[in-house]
Amino acid sequence: MAQSALFFLIVLDDDVRTRILSMLKKHKNFKVRRVFPDDLSASPQREINSIILIDCLSVLTYGVTVISSLQSSCPDSKLVLLCRQDNRHLIGRVMELGAYGCILEPYEEWELLTMVRLILSGRGVDRTMNAARTRRQKDAKE
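Residues numbered from 1 in each chain as written. Predicted model: local features only at pLDDT ≥ 70, side-chain atom pairs only at ≥ 80, totals over all residues. Heavy atoms only, no water.

Participant: Even after reading the chapter, I still don't get the side chain of R17, so can you show me in this structure?
Facilitator: Among the structural elements, R17 can be located in helix 1 (residues 14–24). For R17, a relative accessible area of 13% puts it in the buried group. In this structure R17 touches L9, V11, L12 and R34, once residues within four positions along its chain are discounted. (Helix = DSSP H or I, 4+ residues; strand = E, 2+ residues; numbered from the N terminus. Buried < 20%, exposed > 50% of the residue type's maximum accessible area, 1.4 Å probe, protein only. Contact = heavy atoms within 4.5 Å.)

Here it is as structure tokens:
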């Protein structure tokens, strides 16, 4: 995967964090930052088109409203839930609050890379649509 991506990890489960970091470090175009939800509210940390990976332990610890908070402070980021089998009940609620997707354990590398590929390919579509909307708005003003 040649495209670059910035990942923010909000992962409290040590085993999950180790596994995900191991996968992401294999790709030199991926940048990874471990953060806490409050870190993403600060403007220096916010970066357009980042991918936020959050585990179910973080959602349980900070509360499900952390998803809404992250969505409002990082509207251009895509949020992906890393969910353990015993916390599947969180998936529906997290998706309703705006998460892009979910990956269930055992967190296979191909699943993560597929999700990243879809996110990155969608960015091109988003940029094209935004450019067309800007042109239409500009034409309407003239």
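Participant: What is the right way to read the sheet that holds strand 4 (residues 78–83) from this model?
Facilitator: Pairing between sheet strands relies on hydrogen bonds along the backbone, with the strands arranged either parallel or antiparallel. Strand order in the open sheet made by the 5 strands is 2-1-3-4-5, with parallel pairing throughout. Two strands close off the open sheet at either side, each with one partner strand: strand 2 (30–34) and strand 5 (101–104). Pairs of neighbouring strands in the sheet enclose a mean axial angle of 25°, with direction left out of account. Two elements, strand 1 (residues 5–10) and strand 2, share 5 bridges in a ladder whose sense is parallel. Bridge assignment links F7 to a residue of strand 2, and that residue is V32. Sitting on the sheet, helix 3 (residues 65–73) is in contact with strand 1, strand 3 (51–55) and strand 4, with an inclination near 170° to strand 3. (Pairing = 2+ DSSP bridges. Axes fitted to C-alpha atoms, helices over the stretch in contact; angles between N-to-C directions.)

Participant: Looking at this model, I keep getting lost on the confidence of the model for the protein. Mind explaining?
Facilitator: Close inspection of predicted coordinates is inappropriate for parts of the model with low pLDDT. Confidence in the prediction for the protein averages 86 pLDDT; 80% of positions are at 70 or higher. Below pLDDT 50 for its whole length, residues 125–130 participates in 2 contacts with residues either more than four positions away or in separate chains. (pLDDT = per-residue confidence, 0-100.)

Participant: How should I be thinking about the nonpolar core in this particular structure?
Facilitator: Burial of nonpolar side chains together is a common tendency in soluble globular proteins. Membership of the largest hydrophobic core comes to 22 residues, with the highest contact counts inside it found for F7, I20 and L53. Listing elements by their share of this core, those giving two or more residues are strand 1, helix 1, strand 3, strand 4 and helix 5 (109–141). In terms of residue count, the dominant contributor to this core is helix 5 (6 residues). Those residues within four positions of L53 in sequence are excluded, and the remaining contacts are F7, F8, L9, I10, V11, I20, L24, V80, L82 and L112. Core analysis: the second largest hydrophobic core is formed by 20 residues, L6, V66, L81 and V94 among them. (Core = buried A, V, L, I, M, F, W, Y, C linked by side-chain atoms within 4.5 Å.)

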